[in-house]
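The primary structure of each chain is shown beneath.
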Amino acid sequence: MTTPVTIIMIEDDEGHARLIERNIRRSGVNNEIIPFSNGTDALAYLFAKDHSGSAHKGQALLILLDLNLPDMTGTEILRQLKESKHFKSTPVVVLTTTDDAQEIKRCYELGCSVYITKPVNYESFANAIRQLGLFFSVIQVPPAAI
Amino acid sequence: MIAASGDVDIHQLRRDLAVTPERRHRRALLQILLLTAAFLVLVAISAASVLLVNKARNDSAWVIHTIEVENQTNALLLELRRAESSARGYLLTAAPEFLNDYRDAAAAIPTEVDKLDSLTVDNPAQRENIDNLRSAIATRLALFEREINAVSHGDLAGATAMVREAATGSTAEAIQKLAEAMLAEENRLFVLRSTNADRTQQLSSTVTITGSGLVVAFAAISIVLLRRSAQARDAAEAALRDANLNLEATVDERTADLREANNEIQRFAYIVSHDLRSPLVNIMGFTSELDELRQDIFKRVAALGRAAAASPEPIATVDAEPALEGEDQRLAQDFSEALSFIKSSIGKMDRLISAILNLTREGRRQFEPVRIDMRQLIETIVSTLAHQAAKAEARIEIGNLPNLTSDRLALEQIFSNLIDNAIKYLKPDIPGIITVKGRTKLGFAVFEVADNGRGIDPKDHQRIFDLFRRAGTQDKPGQGIGLAHVRTLVRRLGGTMSVNSELNSGSSFTITLPLQWTAGNRNEEA
């Protein structure tokens with residue numbers, strides 16, 4: 001627990017991103033949150049120039065992933081992450097509006113850690129995010145491999 | 001593209017069908033005219049033939065008559081010669097055989113003359129000749145008589161003188177001439193009459209040949225017309241067959257198009273409702289943020305107000321709702337009111353979007369036909385609704401229920417919606433009785449969910465099945481989705497549903513479902 005966990009938030013809706021950040025903060029999580037509003041930017045940051053992800057070696061990352069992105073699907077990002085040797089053990093929390101059973105099944109099959117449906121009702125939404133924040137504050141995150 | 005070609009084919013067919021009767025009518029009229037003409041020609045030929053045959057027979061009879069007259073004339077002359085020769089014989093031999101012979105011939109002659117006379121009654125010229133001939137014969141016979149008398153009295157010389165006198169006399173010559181004249185006259189008549197008969201025969205054959213030719217020509221025209229109309233009919237039939245095939249293909253294509261459009265609408269509704277949720281979360285989230293901001297702002301306003309009033313009173317409880325006064329209080333109330341309207345509207349919109357999402361999700365679900373014990377299914381629903389029923393003081397009665405093969409989840413949703421509605425819209429003052437019963441009819445199961453509740457005005461019977469529409473007093477929560485959903489499900493299960501109700505006298509929903517539903521093409525439609 002020496003390295004602080006960095007939260008990578010991939011969420012195309014800026015309002016949602018802001019609300020998520022605020023509610024996570026409200027639950028007392030003060031870790032760095034790096035927001036991305038599209039898949040391309042997020043992947044470029046994660047895999048860096050050499051496409052290996054070695055730039056983040058030793059960093060403890062937690063990825064918050066929305067499935068409906070303008071440029072690619074969240075499942076595609078999830079697949080790439082789980083196929084990469086650097087990020088295959090990085091926890092990925094899928095946080096999306098979709099509650100389609102097929103989609104949920106597919107995400108878990110691809111190796112996501114948690115799948116959360118964004119409640120439409122804001123109270124439940126805020127509540128869910130705060131609980132997620134509390135969850136973040138207690139879970140152990142391994143550093144990116146190699 | 002394809003649709004357009006289908007249209008063209010149908011128009012082509014219409015044109016064909018529109019023109020053909022007119023043409024056919026004209027052709028039929030022509031046929032009748034031809035037949036009539038042919039018939040008339042036949043009648044004319046027959047009549048002409050009969051007339052001409054008669055005339056020919058007549059002509060022939062006349063020809064024969066002429067020959068008879070000639071014969072008779074010759075016979076008369078022969079008898080005369082016989083009388084003359086037998087008279088000469090007697091004169092020479094005085095043998096009584098000759099005398100007998102002579103008597104026979106002399107007796108025959110007047111009858112022969114009479115016969116000839118009767119044969120030539122039609123010809124005045126011949127009559128005159130016969131009259132002359134008769135007198136000449138009479139003279140000649142009288143002469144013979146005198147000769148014979150002379151011989152029988154032994155006056156041979158006198159007889160010989162008489163013969164000599166007779167030979168030089170004109171009587172024999174006159175008879176000869178008259179006979180020749182008569183024969184010549186008959187010859188002339190014979191030539192005339194046989195030419196006549198020939199002409200009649202020729203006319204008859206000409207008429208027959210011409211008539212036959214005409215009839216054959218008419219028949220040929222008739223056959224051509226018939227063949228042409230048969231060809232036209234064949235062409236029309238072929239066009240009809242093609243059009244039918246095209247129509248089927250067009251229907252298939254349209255069905256596929258409709259299915260595709262339906263799927264697209266489903267996808268569209270799903271995506272729209274899905275995408276609408278994201279901004280809604282934002283609106284709701286930031287409204288909540290605003291609400292918190294409001295509390296902060298009015299706290300500060302209150303603090304500032306008090307500071308301005310130079311009140312040294314310390315703010316004891318920071319968290320407690322600060323006391324606002326006058327104008328500030330009114331502002332705070334307006335603010336709260338505005339926020340609460342926004343929140344309630346968002347809540348409503350949120351429920352509607354969720355409902356659409358659920359409907360589209362239902363539409364996308366694949367139905368699976370299984371054998372269903374209806375009684376068990378209804379009992380399960382009733383037990384889950386028992387709490388609500390108890391609260392509404394309603395009793396649910398389950399009658400006979402036929403089992404069927406259908407989709408379990410869909411049936412659960414159909415009946416729980418209907419029973420839930422029945423409980424929801426009971427009359428508050430009388431204890432509710434809800435009955436669920438069923439029967440089978442011609443391969444279909446007919447279910448009925450009836451209540452003694454508030455009922456539905458007949459003018460609203462259509463409306464209650466529309467999405468987001470409700471009827472009657474709006475005193476119960478709901479989005480107006482239940483019945484729309486139920487009807488969609490019933491239709492997908494190959495059934496129909498109807499309502500029978502009056503205001504204040506309960507409602508009865510009838511659902512007809514196939515006993516053996518197979519997930520055939522209905523599933524593809526969804």
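Provided above is the structure to which this section pertains.
Residues numbered from 1 in each chain as written. Chains lettered and ligands numbered in written order. Predicted model: local features only at pLDDT ≥ 70, side-chain atom pairs only at ≥ 80, totals over all residues. Heavy atoms only, no water.

A closer look at the overall build of chain A
Just so we agree on the cut-off: Numbered from the N terminus, helices here are DSSP runs of H or I no shorter than four residues, and strands are runs of E no shorter than two. By the convention used here, residues are in contact when the closest approach between their heavy atoms is within 4.5 Å. In short, Shrake-Rupley with a 1.4 Å probe defines the accessible areas, and a residue's cover is counted only from the protein chains shown.
Of regular secondary structure, chain A possesses five helices and five strands. Ordered by position from N to C terminus, the α and β elements of chain A give β-α-β-α-β-α-β-α-β-α. Considering only contacts in chain A between residues 6 or more positions apart, those separated by 24 or more positions represent 71%. When the accessible area of chain A is evaluated, it comes to approximately 6,700 Å², of which 52% is carbon and sulfur surface.

Focus on the interface of chain B and chain A
Put simply, an interface is often sized by how much accessible area is lost when its parts join up. Condition: When two components associate, each loses some accessible surface as probed by a 1.4 Å sphere; the sum of these losses over both components is called the buried area. By salt bridge we mean one thing: a side-chain nitrogen of Lys or Arg within 4 Å of a carboxyl oxygen of Asp or Glu. Two N or O atoms count as a polar contact when they lie within 3.5 Å, although within protein this holds only if one can serve as hydrogen donor and the other as acceptor, and sequence-adjacent residues are included solely when both atoms are side-chain atoms.
Facing the 17 residues of chain B at the interface are 18 residues of chain A. Contact between chain B and chain A buries roughly 1,600 Å² in total, counting both sides, with carbon and sulfur atoms accounting for 51%. Counting every contact that joins chain B to chain A gives three salt bridges. A salt bridge links Arg 26 of chain A to Glu 292 of chain B, with the nearest nitrogen and oxygen atoms 3.3 Å apart. Remark: the boundary between chain B and chain A carries five residue pairs in polar contact (both at pLDDT 80 or more).

Quick look at a negative patch on the surface
The condition is simple: Residues enter patches when they are more than 30% accessible in relative terms and free of salt bridges; like-charged ones are connected within 9 Å and nonpolar ones (Val, Leu, Ile, Met, Phe, Trp, Tyr) within 5 Å. Working convention for charge: Lys and Arg count positive, Asp and Glu count negative, and His plus the chain ends are omitted. Every charge is mapped onto a representative atom, which is NZ of Lys, CZ of Arg, CG of Asp or CD of Glu.
On the surface, Glu 248, Asp 252, Glu 253 and Asp 257 of chain B cluster together into a patch of negative charge. Here Glu 248 of chain B lies in helix H5 (residues 171-308).

A short note on the sheet that holds strand S5 (residues 114-117) of chain A
Residues and elements named next belong to chain A. This is how it is decided: Pairing between strands requires that DSSP locate at least two bridges from one strand to the other. Axis geometry follows a simple rule: fit a line to the C-alpha atoms, using only the stretch in contact for helices, then measure angles between N-to-C directions, giving values from 0 to 180 degrees.
Judged by pairing direction, the sheet is parallel, and its five strands sit side by side in the order S2-S1-S3-S4-S5 without closing on themselves. Each having just a single partner strand, strand S2 (33-36) and S5 make up the two edges of the open sheet. Across this sheet, the average inter-strand angle for adjacent strands is 20°, counted without regard to direction. Set on the sheet, helix H2 (residues 39-47) makes contact with strand S1 (6-10), S2 and strand S3 (61-65); between it and S2 the angle comes to about 135°. On top of the sheet, helix H3 (residues 74-83) reaches S1, S3 and strand S4 (92-96); it is set at about 160° to S3, its chief contact.

Re H3 of chain A
Residues and elements named next belong to chain A. The following threshold applies: Accessible area is worked out with a 1.4 Å probe on protein chains only. A residue is then buried under 20% of its type maximum, exposed over 50%, and partly exposed in between. Regarding the arc, it is the one traced by the directions from the helix axis to the C-beta atoms.
Within H3 the residues assigned to the buried category are Gly 74, Thr 75, Ile 77, Leu 78, Leu 81 and Lys 82. Down the axis of H3, the buried side of the element spans an arc of 155°, and every buried residue falls inside it. Its buried side turned inward, H3 meets S1, H2, S3, S4 and helix H4 (101-110).

A closer look at the packing of helix H2 (residues 96-119) of chain B against helix H3 (residues 124-152) of chain B
Residue and element names in this part refer to chain B. Rules: An angle counts as roughly parallel when it lies under 35 degrees, as roughly antiparallel when it exceeds 145, as roughly perpendicular when it falls between 65 and 115, and as oblique in every other case. As a working rule, the residues Ala, Val, Leu, Ile, Met, Phe, Trp, Tyr, Cys and Pro are called nonpolar, Asp, Glu, Lys and Arg charged, and the rest polar, with Gly in that last group.
Between H2 and H3, the shortest axis-to-axis distance is 11 Å and the interhelical angle comes to 170°. Between H2 and H3, the interaxial angle falls into the category roughly antiparallel. In contact with Leu 99, Tyr 102, Arg 103, Ala 106, Ile 109, Val 113, Asp 114, Leu 116 and Asp 117 of H2, H3 contributes Arg 127, Ile 130, Arg 134, Ile 137, Leu 141, Phe 144, Glu 145 and Ile 148. Here the residues of the contact of H2 with H3 sort into eleven nonpolar, no polar and six charged.

What about the sheet that holds strand S4 (residues 432-441) of chain B?
Residues and elements named next belong to chain B. Here we have five strands laid out as an open sheet, ordered S2-S4-S5-S7-S6, and mixed in their pairing. One side of each edge strand has no neighbouring strand; the edge strands of this open sheet are strand S2 (394-398) and strand S6 (496-501). Strand after strand, the sheet turns through a mean of 15° between neighbouring axes, direction not considered. Here S2 runs beside S4; their pairing, made up of five bridges, is parallel. If you follow Glu 397 over to S4, its bridge partner there is Thr 435. Contacts from helix H9 (residues 408-424) reach S2, S4, strand S5 (444-451), S6 and strand S7 (507-514) within the one sheet, and its direction differs from that of S5 by about 20°.

Quick notes on the layout of surface pockets
All names here are of chain B. The condition that has to hold: Here a cavity denotes grid points, spaced 1 Å and computed from the protein atoms alone, that fit a 1.4 Å probe unable to get out, and a pocket denotes an open set having protein on both sides within 12 Å along at least 5 of 7 lines; residues with an atom within 4 Å of a point are the lining. Grid points are joined across faces, edges and corners, and a volume is the space filled by probe spheres set on the points.
Reported here for the largest pocket is a volume of approximately 820 Å³. Lining the largest pocket are 38 residues, with Asn 421, Lys 424, Tyr 425, Arg 470 and Leu 483 positioned closest to its centre. For the lining of the largest pocket, the secondary structure elements donating two or more residues are helix H6 (326-364), H9, S5, helix H10 (482-492) and S7. Sort the elements by how many residues they give to the lining of the largest pocket and H9 lands first, with six residues. Its residues assigned to classes, the lining of the largest pocket shows 14 nonpolar, 14 polar and ten charged.

Observations regarding the environment of Tyr 90 of chain B
Residues and elements named next belong to chain B. Mapped onto the elements of the fold, Tyr 90 is located in helix H1 (residues 2-93). Tyr 90 gets classed as buried once you look at its relative accessible area, which sits at 8%. Residue contacts for Tyr 90: discarding those within four places in its chain leaves Ala 95, Pro 96, Phe 98, Leu 99, Ile 148, Val 151 and Ser 152.

Section: the pairing of S1 of chain A
Residue and element names in this part refer to chain A. Our working definition: By convention, a crossover is right-handed whenever its connection, traced from the first strand over the helix to the second and viewed with the strands pointing away, goes clockwise.
Most of S1 sits inside the fold, with five of its five residues counted as buried. Residues of S1 alternate between two faces, with Thr 6, Ile 8 and Ile 10 on one and Ile 7 and Met 9 on the opposite face, all of them buried. Sheet topology note: the S1/S3 ladder contains five bridges and is parallel. Residue pairing across strands places Ile 8 opposite Ile 63, the latter belonging to S3. As defined by bridge partners, S1 adjoins S2 across four bridges and the pair is classed as parallel. Each bridged residue has a counterpart across the sheet, and for Met 9 the counterpart in S2 is Pro 35. Remark: the S1/helix H1 (residues 14-26)/S2 crossover connection has right-handed handedness.

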